[in-house]
Amino acid sequence: MIMRNYDPDLHPFRDARNYKLALNATKLERVFAKPYVGCLVHGESISAMARHPEMLNYIFSGTYEGQLTLWDTSLEKQMWKVQAHNSHIWSITADCKGETFYTVGHDKAIKRWSCSNITEACDRMDVLKGPGSANHLSEPIDTWLCDTVISGLSHHRYQNEFLTCGERVLLWDSEKKVPVRSFDWSDTGGGEASSSAIAVKFNMIDTNVFASCDHDNSLILYDIRAKDVKKLKMKLRINDLSWNPTESFILSVVSDDYNAYTFDVRMMDADRRIVCIHQGHTSAVTCLDYSPTGQEFVTGSFDRSIRIFRVDEGRSRDVYHGKRMHKVTSVLFSSDDKFIYSGSADHNIRIWKSRASEKMGLMNAREKLAIDLSRQLRETYKDMPEIRRIARHRHLPKSIRAAAKEHHLIRTSRARKEENVRRHSKPGSVVGESRLEKPVFGVQDEEAVDPLAEQAALKKLEKFAVGAKKRMEARKKERTSIKNKKMKVSSPKGEEENISEEKNNGKFKKKNPKGSFKDESLL
Amino acid sequence: MEEPVTRSSEFTKNPKKSKWHQEKMRRNSQREAREKFPDRRPIDPELLKKYNYGHGMSKYPNLARDKFRAIKIKQREVLIQQSRKDTARAEVLLTEQPGCIEVAPGASTTEVTQKNILQAADITTKKKSFSLQLDSFGPYCFQYFRDGRHLALAGQLGHLATFNWLTKKLTMELNAMESLHDVVWLQDTSAIAVAQKKWMSIYDDRGTELHVVKRFYDITKLDYLPYHFLLTGLSGQGNLHYLDVSLGKEVILIQPKQPRAVAMVNSPFNGVMATAHSGLVCMWTPNYNEPVASMLCHKSNISALTYDPAGRYLLTAAYDRKVNIWDARNLGSQLQSLSMPHSVVSSMSVSQTGLVALACGRDVNIYKGLKEGNLTPYLHHPLETKVHQVQFCPYEDVLGVTSRSGFSSLIVPGAGEANFDAYEANPFSNRTTRRETLVKNLLEKIPYEHITLDPRTVTQVDVPSLEEKMEEKRRLIYMKVPKIDPNPRYRMKGKSGSAQTARRKLIKREVHKKRYIDRLKRAREGAGIDDDNDDDDTSADTSDTKHAIKRPTNIIDVFKKRK
């Protein structure tokens, strides 16, 4: 037995010693940060991934060639493989009971597969003559054929309903052959028939609510009860979205402007609709997935890295990259929050630890205590300059580092210019847009009384136009002197948007807002 | 088609009982439970005071950046308070109690001699009392190791020995063949540093001279800071040396401008070195050449200087035959003063429980009541020759005394801390634990830069004092525009001629000046220094309230329209 006496007189320099221990713990944490676990070698580029509804170690993946695969991630082994679609698989999702799962492909087909049968066969290890061989499992249970391409899929949490999106957002019942309902917001409200949706997601808590994003740079919130719908127009396209699994009103999206945004959907009208802008990627962000804890999410980007963000922090907690990892097309958190899967264009699914320095496997009590202590110490002293520097340091590829440097330069010079513009114009005439407002053009608010009534479209358009006009006037009143100022003075610019455009054209061209989304600051 | 189960049915289970009735029932049952199982015993407030980890954020209620952080800090402080209570409660688990002397009513403990104590003591205690006849190489200076088991003796004429004084097993003994001035244990029992005639030497537990540190020249006093791995030395010329033992590097050599220092001791509380220059005590850290604090303790020359093991009290003894006790954390406040009737105190030591041993000529006087604030005589032990040094042994009721005739170990009941902490000083350590402790200690070695008067600096928030704020304001008034040297960009097409460039430079300078003055003006306004008329301020205030942003209230329903 170890004799202890906690008398402070016997333990001098408590704070200084703890600081030193915290410093050591931080250093060790960085030393042990080896997030890469393994790799699932696919033959083709990965386009979609999904968790198995019941098995912790199983994931589904779909490729650009239409191949559907079931993986055992603990064995890093392919369990089952089938040519599911003729063209690439857009999305995979399991149903509410975990018995079946759905895939949608570019071949306009929705297929439903028996999940339980396949898993059972995998458990018996008799997936007849290995993966890929034709058998009773390589045929879907159900197939729906559509007239247009479907690009997204999401299943209701409790009911046998699922959503698909493409040119239209459709609600399907798994028992019926035709869609139950169609949500044709994009045809009517925005006046842009061509803008098809990219992704659609059901809210897991407030199950009547879902959101989609489309090629028209907008983020649309729907309610199945079809009373209120909201549409938010962003300056650049949203590539993927995900609802927070623990807080129903938090929605995170990733955008082409290199950022991820977290919205509070309760305040879509207000200026504070964006809770947090998550910066760090140096190219378009393509995908995201929430951790089951709802505390953080992972994003994958074309800059060949994945980043883990905390929901309320703008700076990423960690960034993972591999030497040979290519553009990341899909990311996935494991159901136990311990692993992250990233599928990239280099035909591989990589398995990462979600906490880079976490020790895997069994631990004895003393080890657990020691780890707990070191975590506490790091937490206590995390704001000391030396410790913060070490904890934040990441080694990054040259390309990312150079791009980040360039973006920083662009941002600062833009801020400087704005400052100069303000300084040289009449006081009060130039009203700067807040950082959280910049990526958003505006919000459109609509009551879709009967979603199938196509005739109401024109009316809605008028209504919207009036609404937009009213808002314009209201804002004009605030800025009485705005009329006097010159055009170029007031042009607000999306930060990252301009980067790409400047690169391409050499000059920045103002983008005309489509439809009735006119922002008077862009006059 | 599973819907989440709603719990509304539970609340309407028993419609007969009213809400009021239910509440009453609940309270009754709670009261019964309290009577049956009374709450934990209240904690002694004195004990809670002992485990005080600082004032927390209550001192600066407005320091948190926002409401969320304020709440988080509060939650954390609740945890800290809880841990404080739990630690105080854990004192029940301590197994040992300190010893004491009980005398007949009316009698005084000062009359109790070592002989009496030994007669009453048990056999293990009796073994701790011994004396060594060392009269040919003396007088000896000595030091107990921090775990209270090992003793190093260095005779002035060259005799050096280390041994386990409980088992009396000799570890090492040698004759250095030159005069020895001081000896000090290093990180563990495997090395000691000895101040020799010319230089300082480091010996291992076999008596091998590992190092001769020639930078430590003519050293008279040595001391060691175990948590910083710093060996400090005071030379005969009054120079102060700092040596990092783990790296073997000299940290700093301070040559004080004050009169030559005669005594030196390190504070166990904050690691600051205190030196006695005639009547002045100076505090030094290895980060400055100047003393970080100094105070006049006596009007005559100081003869001895020591801290108590917790570093709370600083004891100074001087040739005016006075012993002054100072609050080491609140410098300059004298707590007590003691007058010695006969002789000057040549050496002092304070035990872990707060007993004070004073070497006065041929006598050793032990006082108690340091923490209570009134020193009263406790024990008295006369020797045949002049006492050279006294030191209490940690975790033992033992006082070591050296004189011309040798070393003797006296029993002083209630001197040592009864319960040791094995992670700090383990008397029962074996080779493996010693080795591992050394590695752990090295890992948590505190950088010498952290030595400050207040050891909690590292966890404190840097809040500007009123003085600093005033200074900042004063600076604002007399601020001048700093000069800049603009370097305009080179421009083509003959636009970078000297005249053009000069003009652009002038413009830049003017702009810089204007901006600076604007900024200064704003800062002055913010600081409340008004060099303009006050009318502007009032108008600005009203406009602020007019344009105050109305924040929308949160609505839980997702798509509810606002009216």
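By convention here, each chain's residues receive numbers from 1 onward along its written sequence. Chain labels run from A onward and ligand labels from 1 onward, assigned in the order the entries are written. Restriction of local features to residues with pLDDT of at least 70 applies here, the model being predicted, together with a cutoff of 80 or more for giving and counting side-chain atom pairs; totals for whole chains, interfaces and linings are based on all residues. Hydrogens and water are ignored here; the side-chain numbers use all heavy atoms of the structure.

### Here's the deal with the overall build of chain A
Right, on to step 1. The secondary structure content of chain A amounts to 8 helices and 29 strands.
Right, on to step 2. Among the 523 residues that make up chain A, the fraction classed as buried is 53%.
Right, on to step 3. For chain A, contacts bridging at least 24 residues in sequence account for 54% of all contacts bridging at least 6.
Right, on to step 4. To be clear on the numbers: accessible area is Shrake-Rupley with a 1.4 Å probe, and residue cover counts the displayed protein chains and nothing else. For chain A, the exposed area adds up to about 24600 Å²; of that, 52% sits on carbon and sulfur atoms. A run of DSSP states H or I qualifies as a helix once it reaches four residues; a run of E qualifies as a strand once it reaches two. Both are numbered from the N-terminal end. Only protein chains enter the accessibility calculation, which uses a 1.4 Å probe; a residue is then buried when its area is under 20% of its type maximum, exposed when over 50%, and partly exposed in between. Here a residue-residue contact requires only that any non-hydrogen atoms of the pair lie within 4.5 Å.

### Looking at the overall build of chain B
Right, on to step 1. Scanning chain B for helices and strands turns up 10 helices and 28 strands.
Right, on to step 2. Relative to a compact globule of 563 residues, whose C-alpha radius of gyration would be 24 Å, chain B shows 34 Å and is clearly more extended.
Right, on to step 3. A principal-axis box enclosing the C-alpha atoms of chain B has dimensions of 100 × 100 × 55 Å.
Right, on to step 4. Sorting the 563 residues of chain B into buried and exposed places 39% on the buried side.
Right, on to step 5. Restricting the contact set of chain B to residue pairs at least 6 apart, pairs at least 24 apart contribute 46%.
Right, on to step 6. Total accessible area on chain B is roughly 34600 Å²; 52% of this is exposed by carbon and sulfur atoms.
Right, on to step 7. A distance of 7 Å separates the average location of the 87 positive side-chain charges in chain B from that of its 65 negative side-chain charges. Our radius of gyration looks at C-alpha atoms and nothing else; its globule reference is 2.2 Å times the residue count to the power 0.38. Neither His nor the chain ends contribute to the count of charged residues, in which Lys and Arg are positive and Asp and Glu negative. Where a charge sits is defined by one atom per residue type, namely NZ (Lys), CZ (Arg), CG (Asp) or CD (Glu).

### Quick word on the UniProt feature "domain: Sof1-like protein" (unreviewed entry) in chain A
Right, on to step 1. UniProt positions are given in the numbering used here, feature names are shortened, and annotations may be inferred rather than shown by experiment. Here, UniProt's "domain: Sof1-like protein" (unreviewed entry) annotation points to residues 354–438 of chain A.
Right, on to step 2. Here residues 354–438 of chain A runs as 60% helix and 0% strand, with 31 Å between its end C-alpha atoms.

### Let's talk about a positive patch on the surface
Residue and element names in this part refer to chain B.
Right, on to step 1. In this scheme, patches are assembled from residues that exceed 30% relative accessible area and form no salt bridge. Like charges are connected within 9 Å, while nonpolar side chains (Val, Leu, Ile, Met, Phe, Trp, Tyr) are connected within 5 Å. Each salt bridge in this description consists of a side-chain nitrogen of Lys or Arg and a carboxyl oxygen of Asp or Glu lying within 4 Å of one another. A cluster of basic residues, Arg489, Arg491, Lys493, Lys495 and Lys508, forms a positive patch at the surface.
Right, on to step 2. Within the secondary structure, Lys495 is located in the loop between helix H8 (466–477) and helix H9 (498–527).
Right, on to step 3. Take Lys495: its relative accessible area is 44%, and that puts it in the partly exposed class.

### What about the UniProt feature "repeat: WD" (unreviewed entry) in chain A?
Residue and element names in this part refer to chain A.
Right, on to step 1. The positions UniProt marks with the feature "repeat: WD" (unreviewed entry) are residues 278–319 and 328–362.
Right, on to step 2. End-to-end, the C-alpha atoms of residues 278–319 are 13 Å apart, and along that stretch the chain is 0% helix and 50% strand.
Right, on to step 3. What you have in residues 328–362 is 0% helix and 51% strand, and the ends, taken at the C-alpha atoms, are 32 Å apart.

### Some thoughts on the UniProt feature "domain: BING4 C-terminal" (unreviewed entry) in chain B
Right, on to step 1. Summarizing the sequence annotation, UniProt attributes the feature "domain: BING4 C-terminal" (unreviewed entry) to residues 377–455 of chain B in the numbering used throughout.
Right, on to step 2. What you have in residues 377–455 of chain B is 16% helix and 30% strand, and the ends, taken at the C-alpha atoms, are 33 Å apart.

### Considering a nonpolar patch on the surface
Right, on to step 1. Residues Tyr288, Val292, Leu331 and Leu453 of chain B make up a contiguous nonpolar surface patch of roughly 330 Å² in combined accessible area.
Right, on to step 2. The residue Val292 of chain B is located in the loop between strand S16 (280–284) and strand S17 (293–296) in this model.

### A closer look at the interface of chain B and chain A
How large an interface is tends to be reported as the accessible area lost when its parts come together.
Right, on to step 1. Taken together, the contact between chain B and chain A spans 50 residues of the former and 44 residues of the latter.
Right, on to step 2. A 1.4 Å probe defines the accessible area here, and the buried area is the portion of it lost by two parts on being joined, summed over both. Between chain B and chain A, the buried area comes to about 4500 Å², and carbon and sulfur atoms account for 56% of it.
Right, on to step 3. Viewed at the interface, chain A and chain B are joined by 5 salt bridges.
Right, on to step 4. For Arg17 of chain A, the salt bridge is made with Glu444 of chain B, and the minimal N-O distance between the two is 2.8 Å.
Right, on to step 5. In protein, a polar contact requires one atom able to donate a hydrogen and another able to accept it; more generally it is a pair of N or O atoms within 3.5 Å, and residues adjacent in sequence count only if both atoms are side-chain atoms. Across the contact surface, chain B and chain A share 14 residue pairs in polar contact (both at pLDDT 80 or more).

### Focus on the nonpolar core
Residue and element names in this part refer to chain B.
Right, on to step 1. In plain words, nonpolar cores are sets of buried Ala, Val, Leu, Ile, Met, Phe, Trp, Tyr and Cys residues tied together by side-chain atoms within 4.5 Å. Membership of the largest hydrophobic core comes to 32 residues, with the highest contact counts inside it found for Ile366, Leu399 and Val412.
Right, on to step 2. Counting residues per element, the ones that place at least two in this core are strand S2 (140–144), strand S3 (150–155), strand S23 (356–360), strand S24 (363–368), strand S25 (376–382), strand S26 (387–392), strand S27 (398–403) and strand S28 (406–411).
Right, on to step 3. Every residue in contact with Val412, bar those within four places of it in the chain, is listed here: Leu355, Ile366, Tyr378, Leu379, Phe392, Asp397, Val398 and Leu399.
Right, on to step 4. If you look at the next biggest cluster of nonpolar residues, it comprises 29 residues, including Leu225, Ile254, Met273 and Cys297.

### Notes on the sheet that holds S24 of chain B
All names here are of chain B.
Right, on to step 1. Spatial ordering of the open sheet is given by S22-S23-S24-S25, a layout of 4 strands whose pairing is antiparallel. In this open sheet, the two strands that pair with only one neighbour each are strand S22 (345–350) and S25. Adjacent strand axes in the sheet meet at a mean angle of 20 degrees, parallel and antiparallel pairs treated alike. Each pair of strands is called paired provided DSSP finds at least two bridges between the two strands. Here, axes are lines fitted to C-alpha atoms. For helices the fit covers the stretch in contact, and angles between N-to-C directions go from 0 to 180 degrees.

### Quick notes on helix H6 (residues 398–424) of chain A
Right, on to step 1. In this analysis, the expected span of each helix is defined as 1.5 Å times one less than the number of residues it contains. Under the 1.5 Å per step criterion, the end-to-end length of H6 of chain A is 39 Å for 27 residues, consistent within 8% with the ideal 39 Å.
Right, on to step 2. What H6 of chain A keeps buried is the set Ile400, Ala403, His407, Ile410 and Arg414 of chain A.

### Here's the deal with the state of the cysteines
All names here are of chain B.
Right, on to step 1. Cysteine sulfur atoms that pair up within 2.5 Å are treated as a disulfide. The tally for this structure, following the rule as stated, stands at 0 disulfides over all chains.
Right, on to step 2. Free cysteine Cys100: the closest other cysteine sulfur is in Cys393, separated by 19 Å.
Right, on to step 3. Cys100 gets classed as exposed once you look at its relative accessible area, which sits at 55%.
Right, on to step 4. With no disulfide of its own, Cys360 has Cys297 as its nearest cysteine by sulfur position, at a separation of 18 Å.
Right, on to step 5. For Cys360, a relative accessible area of 6% gives the class buried.

### Remarks on the pattern of salt bridges
Right, on to step 1. What the rule picks out here adds up to 44 salt bridges over all chains.
Right, on to step 2. As a salt-bridge pair, Lys50 of chain B and Asp7 of chain A come within 3.7 Å of each other at their nearest N and O atoms. Taken together, the residues span two chains, with Lys50 of chain B in helix H3 (residues 45–50) and Asp7 of chain A in the segment before helix H1 (14–31).
Right, on to step 3. On the accessibility criterion, Asp7 of chain A (9% relative accessible area) is buried.
Right, on to step 4. Shared partners join several salt bridges into a network, and the residues in it are Glu296, Arg310, Glu313 and Arg317 of chain A.

### Observations concerning the packing of H1 of chain A against helix H5 (residues 385–392) of chain A
Residue and element names in this part refer to chain A.
Right, on to step 1. Relative to each other, H1 and H5 sit at 10 degrees, their axes nearing to 9 Å. By the angle between their directions, the pair H1 and H5 is classed as roughly parallel. Contacts between H1 and H5 involve Tyr19, Ala22, Leu23, Thr26, Lys27 and Arg30 from the first element and Glu386, Ile387, Ile390 and Ala391 from the second.
Right, on to step 2. Under the scheme applied, nonpolar residues are Ala, Val, Leu, Ile, Met, Phe, Trp, Tyr, Cys and Pro; charged residues are Asp, Glu, Lys and Arg; polar residues are all the others, including Gly. Its residues assigned to classes, the contact of H1 with H5 shows 6 nonpolar, 1 polar and 3 charged. Angles are sorted into four bins: roughly parallel if under 35 degrees, roughly antiparallel if over 145, roughly perpendicular if 65 to 115, and oblique for all others.

### Observations concerning the UniProt feature "repeat: WD" (unreviewed entry) in chain B
Right, on to step 1. Per the UniProt annotation, the sites labelled "repeat: WD" (unreviewed entry) are residues 295–330 of chain B.
Right, on to step 2. Here residues 295–330 of chain B is 0% helix and 56% strand, with 11 Å between the C-alpha atoms at its ends.

### Concerning the pairing of strand S24 (residues 305–310) of chain A
Residues and elements named next belong to chain A.
Right, on to step 1. Along S24, 5 of the 6 residues are buried, which leaves the element largely enclosed by surrounding structure.
Right, on to step 2. Bridge count between strand S23 (residues 296–301) and S24: 5 bridges; the pairing is antiparallel. Looking at S24, one finds that Glu296 is bridged to Arg310.
Right, on to step 3. Turn length for the S23-S24 hairpin, with the two strands adjacent in sequence and antiparallel, is 3 residues, and the turn residue Arg304 shows positive phi of about 65 degrees.
Right, on to step 4. Pairing of S24 with strand S25 (residues 318–321), which is carried by 4 bridges, proceeds in the antiparallel orientation. Among the inter-strand pairings, Arg307 is bridged to a residue of S25, identified as Val319.

### Notes on the environment of Tyr258 of chain A
Right, on to step 1. Looking at the secondary structure, you find Tyr258 of chain A in the loop between strand S19 (250–255) and strand S20 (260–264).
Right, on to step 2. The class for Tyr258 of chain A is buried, based on a relative accessible area of 9%.

### A word on the sheet that holds S16 of chain B
Residues and elements named next belong to chain B.
Right, on to step 1. The strand order S14-S15-S16-S17 describes an open sheet built from 4 strands, whose pairing is antiparallel. One side of each edge strand has no neighbouring strand; the edge strands of this open sheet are strand S14 (261–266) and S17. Across the sheet, the axes of successive neighbouring strands diverge by a mean angle of 20 degrees, strand direction being ignored.

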